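One letter stands for each residue in the lines below.
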Amino acid sequence: MQRPAESRPIQSPAESRQPPAASPVIEVRGLEVSFPSPSERTGERVLKAADDVSFALRPGEVLGLVGESGCGKSVTALSLLGLVPPPGRITGGSAVFEGADLLALPESTLQGIRGARISMIFQEPMTALNPVFTIGEQVAEVLRAHRRMDRARAWRGAVEALARVGIADAATRARAYPHEISGGMRQRAMIAMALACGPDVLIADEPTTALDVIVQAQIVDLLLEVQSATGLAVLFISHDLGVISEVADRVMVMYAGRLVEEAPAEALFSGPLHPYTRGLIDTLPGGAPGDATRRRLPAIPGTVPDLRALPQGCRFAERCPLAEDACRAAEPPLQEGADGRRVACFMAGPSFKAEP
């Protein structure tokens, strides 16, 4: 796998990766995560980092979540585990996992789910890992907390977990501190921690950020191997559509706190319905799969609107080449079509037939 330094090129989604038809392992409905504005007391609107976000993650599926930095991807994921950083708070919605609403569970119950049933790989392993403990100690602590192992057994389990994610001489590396190993090895240690207890759901939040292209490819391959072998349900978050095209069965596109499109990966890359999705694909080296005509890379004009003072109507209207007066007058709902695709755009075109 090779790519220009700016971004991994888009690959045609593998035809063999078909979304599993099964009941959701997690079903999110109307999620809303808000951060208070410094002027909230004066009556100004709060910043909604996630606004009416709904989706379902099925067993054995890799669900991609993509969008520009600051669009609400990470906050959406963190909310599922009760980890929204203060002063943020969950102000609406539900996230049902095995019949229980994760957003309503007490912290004591969530502690038993985090790391055991639902695990997360964080963006920055250097900050997520504790610098005063060895990587082996940190993996072992997960096993001791959730599997009630004694120290010796947990240590052996930690070494085995590190070896499973491709860390050579794991018994020796387990005694290293985070600053003593490479960025790629730190990310592998994070993956080992996330998988140590055999979770049902894995949330991978930008797992290839700040890694060089070769290590990125290795991490992506490792995650796909693990997912294929274990049947994990994976929520894979990235700002890089090239990476998403390699890993995802379905893809959700997020803009300014809201989902604007969702479709099976092959359908989304071959025929995006939302102008923002088309813009993201066009701005990447290689363009859409099979497009050999790309010469110069266009840019999406303008900037993402301030979430504390959103414009009336469609949030993308001021940057959209297709916007009309109707787009600026009302915000388009996220409508579901007969083919299972969802799009929030008045200009989606006659190919999209919304259900009544």
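Below or above, wherever it landed, is the structure these notes cover.

Reading guide: rules and limits
Residues numbered from 1 in each chain as written. Predicted model: local features only at pLDDT ≥ 70, side-chain atom pairs only at ≥ 80, totals over all residues. Heavy atoms only, no water. Helix = DSSP H or I, 4+ residues; strand = E, 2+ residues; numbered from the N terminus. Buried < 20%, exposed > 50% of the residue type's maximum accessible area, 1.4 Å probe, protein only. Contact = heavy atoms within 4.5 Å. Areas by Shrake-Rupley, 256 points an atom, 1.4 Å probe, with all protein chains shown as cover. Phe/Tyr/Trp six-rings, centres within 6.5 Å; stacked < 30°, edge-to-face > 60°. Axes fitted to C-alpha atoms, helices over the stretch in contact; angles between N-to-C directions. Left-handed = near helix turned anticlockwise from the far one by under 90°. Nonpolar A, V, L, I, M, F, W, Y, C, P; charged D, E, K, R; others polar. Pairing = 2+ DSSP bridges. Polar contact = N/O pair within 3.5 Å; in protein donor to acceptor, adjacent residues only side chain to side chain. Salt bridge = Lys/Arg side-chain N within 4 Å of Asp/Glu carboxyl O. Core = buried A, V, L, I, M, F, W, Y, C linked by side-chain atoms within 4.5 Å.

## A look at the overall build of the protein
When you go through the protein residue by residue, the secondary structure sums to 12 helices and 12 strands. Counting all 356 residues of the protein, 52% fall into the buried class. Taking the intrachain contacts of the protein between residues at least 6 apart in sequence as the baseline, contacts between residues at least 24 apart amount to 66%. Of the roughly 16300 Å² of accessible surface on the protein, a fraction of 51% belongs to carbon and sulfur atoms.

## Digging into the packing of aromatic side chains
Going through the model one piece at a time under the given rule, you end up with 3 aromatic pairs. Consider the rings of Y255 and F316, whose centres lie 5.2 Å apart with planes at 85°: the pair is edge-to-face. In this pair, Y255 sits in strand β9 (residues 250-255) while F316 sits in the loop between α11 (275-282) and α12 (325-329), placing the two residues 61 residues apart along the sequence. Owing to a relative accessible area of 2%, Y255 belongs among the buried residues under this scheme. When its relative accessible area of 3% is taken as the criterion, F316 is described as buried. Pairwise contacts between aromatic rings join Y255, Y276 and F316 into one cluster.

## Some words on the packing of helix α4 (residues 135-147) against helix α5 (residues 151-164)
The description of two helices packed together rests on the angle between their axes and the distance between the axes. Where α4 contacts α5, the two axes come as close as 8 Å, and the packing angle between them is 115°. Of the two possible hands of crossing, α4 and α5 adopt the one that is right-handed. Every residue of α5 that contacts α4 at I135, G136, E137, V139, A140, L143 and R144 is listed here: R151, A154, W155, G157, A158, A161 and L162. When grouped by side-chain class, the residues that make up the contact of α4 with α5 number 9 nonpolar, 2 polar and 3 charged.

## Here we look at the sheet that holds strand β8 (residues 233-238)
Ordered in space as β6-β7-β8-β3-β9-β10-β12-β11, the 8 strands form an open sheet in which the pairing is mixed. Whereas interior strands pair on both sides, the edge strands pair on one side only; in this sheet they are β6 (118-121) and β11 (335-336). Pairing analysis gives 2 bridges linking strand β10 (residues 258-264) to strand β12 (residues 342-343), with the strands arranged antiparallel. Looking at β12, one finds that E261 is bridged to V343. On top of the sheet, helix α7 (residues 183-195) reaches β6 and β7 (201-205); it is set at about 175° to β6, its chief contact. Set on the sheet, α11 makes contact with β9 and β10; between it and β9 the angle comes to about 105°.

## Some details on the environment of K48
Here K48 is to be found in strand β2 (residues 47-57). For the pair K48 and V33, spaced 15 residues apart in the sequence, the C-alpha separation amounts to 5.7 Å. Contact partners of K48, with chain neighbours within four places excluded, come to E32, V33, S34, G257 and L307. Within polar-contact distance, the side chain of K48 engages the side chain of E32 at 3.2 Å.

## Details of the pattern of salt bridges
All chains considered together, the criterion is met by 18 salt bridges. A salt bridge links R250 to E262; the shortest N-O distance between them is 2.0 Å. Of this pair, R250 sits in strand β9 while E262 sits in strand β10, and the two are 12 residues apart along the sequence. Judged by its relative accessible area of 8%, R250 falls in the buried class. Linking R258 and E331 is a salt bridge whose minimum nitrogen-to-oxygen distance equals 3.2 Å. In this pair, R258 is assigned in strand β10 and E331 in the loop between α12 and β11, connecting sequence segments 73 residues apart.

## Brief notes about the nonpolar core
Counting 70 residues, the largest nonpolar core has L162, F236 and V251 as the members making the most contacts within it. The element best represented in this core is α7, accounting for 8 residues. Leave out the neighbours within four places in its chain, and L162 touches I135, G136, V139, I167, A170, A174, A189 and A192.

## Some thoughts on the environment of P298
By the element assignment, P298 lies in the loop between α11 and α12. Residue classification places P298 among the partly exposed residues on the basis of a relative accessible area of 39%. If sequence neighbours within four positions are ignored, P298 has contacts with D282 and T283.

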